[in-house]
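Residue strings, one per chain:
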Amino acid sequence: RHGAVKSEDTFKTSPFHLDLWFYFTLQNWVLDFGRPIAMIILPLEWFPLNKPSAGDYFHMAYNVITPFLLLKLIERSPKTLPRSMVYVSIIMFVMGASIHLVGDSVNHRLIFSGYQHHLSVRENPIIKNLKPETLIDSFELLYYYDEYLGHSMWYIPFFLILFIYFTGCFTPVAEESRMPVAALLLMGPSSLYYWYLVTEGQIFILYIFTFFAMMALVMHQKRKGLVLDSNGLFLFYSFIITLVLIAVWVVWLWNDKILRKKYPGVIYIPEPWAFYTLHMNNLHAAKESF
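Residues numbered from 1 in each chain as written. Predicted model: local features only at pLDDT ≥ 70, side-chain atom pairs only at ≥ 80, totals over all residues. Heavy atoms only, no water.

Q: What should I look at first to understand the packing of aromatic side chains in this one?
A: Between two aromatic rings, the relevant description is the distance of the centres plus the angle of the planes. By the definition in use, this model includes 34 aromatic pairs. Both rings, one in Tyr62 and one in Trp154, keep their centres 5.5 Å apart while their planes meet at 65°; by these two values the pair is edge-to-face. Within this pair, whereas Tyr62 is found in helix α3 (residues 54-75), its partner Trp154 is found in helix α6 (residues 134-166), the two being separated by 92 residues in sequence. Summarising the burial analysis for this pair, Tyr62 and Trp154 share the class buried. In this structure, Arg260 is placed above the aromatic ring of Trp254, and the distance from its NZ or CZ to the ring centre is 4.1 Å. (Phe/Tyr/Trp six-rings, centres within 6.5 Å; stacked < 30°, edge-to-face > 60°. Helix = DSSP H or I, 4+ residues; strand = E, 2+ residues; numbered from the N terminus. Buried < 20%, exposed > 50% of the residue type's maximum accessible area, 1.4 Å probe, protein only. Lys NZ or Arg CZ within 6 Å of the ring centre and 35° of its normal.)

Q: Whenever I open this one, the environment of Leu278 confuses me. Can you help?
A: If you trace the backbone, Leu278 turns up in helix α11 (residues 272-289). For Leu278, a relative accessible area of 5% translates into the label buried. It is 8.5 Å that separates the C-alpha atoms of Leu278 and Leu259, two residues lying 19 residues apart in sequence. For Leu278, the residues in contact, after removing those within four places along its chain, are His118, Asp256, Ile258 and Leu259. (Contact = heavy atoms within 4.5 Å.)

Q: Is there a simple way to explain helix α9 (residues 230-252) in this structure?
A: Since the α-helix turns once every 3.6 residues, residues separated by three or four places project in the same direction. Compared with the 33 Å implied by 1.5 Å per residue over 23 residues, the 33 Å span of α9 between its first and last C-alpha is a close match. Here α9 starts with a cap whose side-chain oxygen sits 3.2 Å from the backbone nitrogen of Asn231, and that cap is Asp229. (Expected span 1.5 Å × (residues − 1). Polar contact = N/O pair within 3.5 Å; in protein donor to acceptor, adjacent residues only side chain to side chain.)

Q: How do you make sense of the side chain of His100 when you look at a structure like this?
A: Tracing the sequence through the fold places His100 in helix α4 (residues 83-109). Since its relative accessible area comes to 3%, His100 is described here as buried. Apart from residues no more than four positions distant in its own chain, His100 is found in contact with Arg35, His59, Ser105, Asp146, Gly150, His151 and Trp154.

Honestly, that's just the spatial picture; any functional story needs more than this.
Structure, rendered in structure tokens:
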């Protein structure tokens, strides 16, 4: 009986989830990308440095809304998906995003004290003069929880859930392999957000492996006579455009010697906030001097 259900799943079709993809795009831009912007723009008197910032409340809302949307997305899959893996991924996602909330909150508040994201922890002027020197180790631990452990536990489950959903986005009906106009309009903002996610989160390896897995699955299913439905096409094309945006970003900053020092590895993908503290802050300071 279980096998019969799986056979029927292959022939189900699913309309484009305009509501879910729109909510995803909106909350990603407002609650994730908008977090540090809200923290910088809103008056410091409203959110003292020893209290949560507006961006922290944005992050809290993101940690609640995003898992809910991911679960709703999985529920709408025309294919029966492994529920246990989805639930464990959601739990890890919430844990990782919560760890990141604490580390990111402190790191972004340090900007008001002169912290520069384009420098390493020990190279920052406000950090390297701390006494006793063991305090620097504590800040490096905070950076580790924010940029490494938090990001890993946040993004690995996130991309895993998207890929699990993607596996159910195939149909034998060629007419279903078309995207409505609404999907085309959402593709730009969605791709741009994924660019921000990959570059700021420093998760290019995770992203590119997910993308390669998608490509391999598409070619495998094509041999079976199955094609992507509108939701699968939206996700797949968004990842393709994201790769193009990342390539443009890297080429643009290829000869930046300071950022090269911050990101010395083989894979050179600077963070947008490192670029901001290096170049845009200087631009703002120059404007204020006139």
